[in-house]
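Breakdown of the fold
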Amino acid sequence: MGALAQAYRRFGEVDAAGQLYERVAVALSESAEALRAIEKAPARKRRPELILAALHDLALAGHAPALAAAYAAADADAAAAAAIDSLVRLTDEVVDLVARRRPRTGETGRGAVLHPLVAEAAHRAGATAVGLIDVECGAGFNLTVDRVGITYDTGPALGDPSSPVQLSCSIVGDRPAPERAFPEVVARVGIDREPLDVTDPDDARWLRACVQPDQPERAARLAAELALAAKAPPLLLRGDAVELLPAALARVPADALPVVTTTWALSRFPAQRRVRFVERLEAAAAARPVAWVSAEGVAVAPTVPTYGDRPASGHSILGVAVSDGPVLRTEAVGRCWSRGRLLAWLGQEVATA
């Protein structure tokens, strides 16, 4: 129990420092009853961010009204007391939630990187219509990339200026993101072992529960993303992305270019599975044109050049791959930081370096 208490205290004092969850996590670390309740969850499911999300989910669902009220009032002391009471009283419900859920954070706001990448891939392939296939899709927010508005601090504004989802991105360097015409999207397919259906109230509530209750800006951004995705829900394929890739490609009409997107997804795959993923794409390319765009850590995406950057550099490489017969012609076109909030577009001059 000592290690568990230490993990919760560290989460509060380090990861959630200065936030409402700091007081809540520290209070859980000091409560023997709360720690005993947490220990009823599987060992790998006892992480603070997951237990706290489960409690938040129960509060949002109306099962922990005192906790919901404390969160709404941003009353840290009341939230700490209510969290302990709710956890002890609703132990079985918390354990059930964490057993079948995982934390879902950072799934919004990737369109600022994806929009120019998809447009660039379509431009290189000469395609006017595409089918988007997102790997490790989560709730499928990447599949609305054509329907968001994007403002860069330098260069063009892209997308839909009237969209409820408005993203901003800072440009690093003197080259703006290219202003390519975005193709028509005729198919939206997501692949995930545990996809989230934005039209399902439980799945949507879980996404909201993974946002800390004292982060209204993030909550508002998530609400906008949920509403946008719900207007045109994607086809969700549940299972292993490598194995399901041919089935996903088959869902794209023959006269459209399948564009597979991976944003910090391949790092979850063992190295051999990453190679197998590319092999599957190349096998598909023997029968029809395909494209792959990626935002992955340095040296994570096979065949994507790294500019000589080091894997521990803290940024990601942007890749565009378009098939030439059975071969994927892959280039690196830029770097990004903070999951797409900072973008350096470098283009073709150094793309194969």
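Conventions we followed
Residues numbered from 1 in each chain as written. Predicted model: local features only at pLDDT ≥ 70, side-chain atom pairs only at ≥ 80, totals over all residues. Heavy atoms only, no water. Helix = DSSP H or I, 4+ residues; strand = E, 2+ residues; numbered from the N terminus. Rg over C-alpha atoms; globule rule 2.2 N^0.38 Å. Buried < 20%, exposed > 50% of the residue type's maximum accessible area, 1.4 Å probe, protein only. Contact = heavy atoms within 4.5 Å. Areas by Shrake-Rupley, 256 points an atom, 1.4 Å probe, with all protein chains shown as cover. Polar contact = N/O pair within 3.5 Å; in protein donor to acceptor, adjacent residues only side chain to side chain. Phe/Tyr/Trp six-rings, centres within 6.5 Å; stacked < 30°, edge-to-face > 60°. Lys NZ or Arg CZ within 6 Å of the ring centre and 35° of its normal. Salt bridge = Lys/Arg side-chain N within 4 Å of Asp/Glu carboxyl O. Core = buried A, V, L, I, M, F, W, Y, C linked by side-chain atoms within 4.5 Å. Pairing = 2+ DSSP bridges. Axes fitted to C-alpha atoms, helices over the stretch in contact; angles between N-to-C directions. pLDDT = per-residue confidence, 0-100.

**A word on the overall build of the protein chain**
- Along its length, the protein chain carries 12 helices and 11 strands.
- Here the C-alpha atoms of the protein chain give a radius of gyration of 22 Å, agreeing with the 20 Å that 2.2 N^0.38 yields for 353 residues.
- Projected onto the principal axes, the alpha-carbon positions of the protein chain cover approximately 60 × 40 × 40 Å.
- A buried classification covers 55% of the 353 residues belonging to the protein chain.
- Long-range pairs, those at least 24 residues apart, make up 71% of the contacts in the protein chain with a sequence separation of at least 6.
- As displayed, the protein chain offers around 14,900 Å² of accessible surface, 50% of which is attributable to carbon and sulfur atoms.

**Structural notes on helix α9 (residues 201-209)**
- Those residues of α9 that sit buried are Asp203, Ala204, Arg205, Trp206, Leu207 and Ala209.
- Residues of α9 that are buried make contact with α4 (48-60) and α10 (216-231).
- Among the residues of α9, the N-terminal cap falls to Asp200, whose side-chain oxygen and the backbone nitrogen of Asp202 are separated by 2.8 Å.

**Some remarks on the packing of aromatic side chains**
- Counted according to the given criterion, the structure contains 2 aromatic pairs.
- Between Phe277 and Trp292, the ring centres sit 5.4 Å apart and the planes meet at 75°, which makes this aromatic pair edge-to-face. Of this pair, Phe277 sits in helix α12 (residues 271-285) while Trp292 sits in strand β8 (residues 291-297), and the two are 15 residues apart along the sequence.
- For Trp292, a relative accessible area of 1% gives the class buried.
- Taking the ring centre of Tyr307 as reference, the NZ or CZ of Arg335 above it sits at 4.4 Å.

**Some details on the pattern of salt bridges**
- Evaluated as defined, the whole model comprises 24 salt bridges.
- As a salt-bridge pair, Asp57 and Arg205 come within 3.3 Å of each other at their nearest N and O atoms. Taken together, the positions of Asp57 in helix α4 and Arg205 in helix α9 put the pair 148 residues apart, joining distant regions of the chain. Accessibility classification places Asp57 together with Arg205 in one group, the buried group.
- A salt bridge links Asp85 to Arg89, with the shortest nitrogen-to-oxygen separation between them at 3.7 Å. On the criterion of helical spacing, the pair formed by Asp85 and Arg89 is a turn pair, its members being 4 residues apart in helix α6 (residues 76-89).

**Focus on the nonpolar core**
- Val24, Leu28, Ile51, Leu67, Leu87 and Val94 are the most contacted members of the largest nonpolar core, which has 42 residues in total.
- If you list the elements that add at least two residues to this core, you get α1 (2-15), α2 (20-29), α3 (32-38), α4, α5 (65-73), α6, α7 (91-100) and α9.
- Looking at this core element by element, the count peaks at 8 residues for α4.
- Non-local contacts of Ile51, meaning those with residues more than four positions away in its chain, are made with Tyr8, Ile38, Lys45, Arg46, Leu87, Val94 and Val98.
- In this structure, Leu158, Val165, Ala224 and Trp345 belong to the second largest nonpolar core, which totals 36 residues.

**Here we look at the sheet that holds strand β11 (residues 342-345)**
- One open sheet holds the 11 strands; their spatial order is β3-β2-β4-β11-β10-β9-β8-β7-β1-β5-β6, and the pairing between them is mixed. Either end of the sheet is taken by a strand with one partner, and the two such strands are β3 (158-159) and β6 (235-238).
- Inspection of the sheet shows β8 paired to strand β9 (residues 316-324) by 7 bridges, in the antiparallel sense. Each bridged residue has a counterpart across the sheet, and for Glu296 the counterpart in β9 is Ile317.
- Across the sheet, helix α8 (residues 111-125) lies against β1 (129-135), β2 (149-152), β3, β4 (166-171), β7 (257-263), β8, β9, β10 (327-337) and β11, angled at about 25° from β9, the strand it touches most.

**Structural notes on unusual backbone geometry**
- Phi is positive for Ala299, close to 70°, though the residue is something other than glycine.
- In this structure, Ala299 sits in the loop between β8 and β9.
- The residue Ser338 is not glycine, and still its phi comes out positive at about 50°.
- Its place among the elements puts Ser338 in the loop between β10 and β11.
- Its relative accessible area of 45% is what places Ser338 among the partly exposed residues.

**Looking at the side chain of His56**
- Structurally, His56 can be placed in helix α4.
- Given a relative accessible area of 7%, His56 falls into the buried group.
- Among the polar contacts listed, one links the side chain of His56 to the backbone oxygen of Ala209, at a separation of 3.0 Å.
- Excluding anything up to four places from it in sequence, His56 contacts Tyr21, Tyr71, Arg208, Ala209, Val211, Gln212 and Pro213.

**Looking at the confidence of the model for the protein chain**
- Looking at the protein chain as a whole, the pLDDT averages 93, with 97% of positions reaching at least 70.
- In this model residues 349-353 is a low-confidence stretch, pLDDT under 50, and it forms 9 contacts with partners more than four residues away in sequence or in other chains.

**Remarks on the side chain of Arg280**
- Tracing the backbone shows Arg280 in helix α12.
- By relative accessible area, which is 17% here, Arg280 ends up buried.
- In contact with Arg280, not counting residues within four places along its chain, are Val242, Glu243, Leu245 and Pro246.

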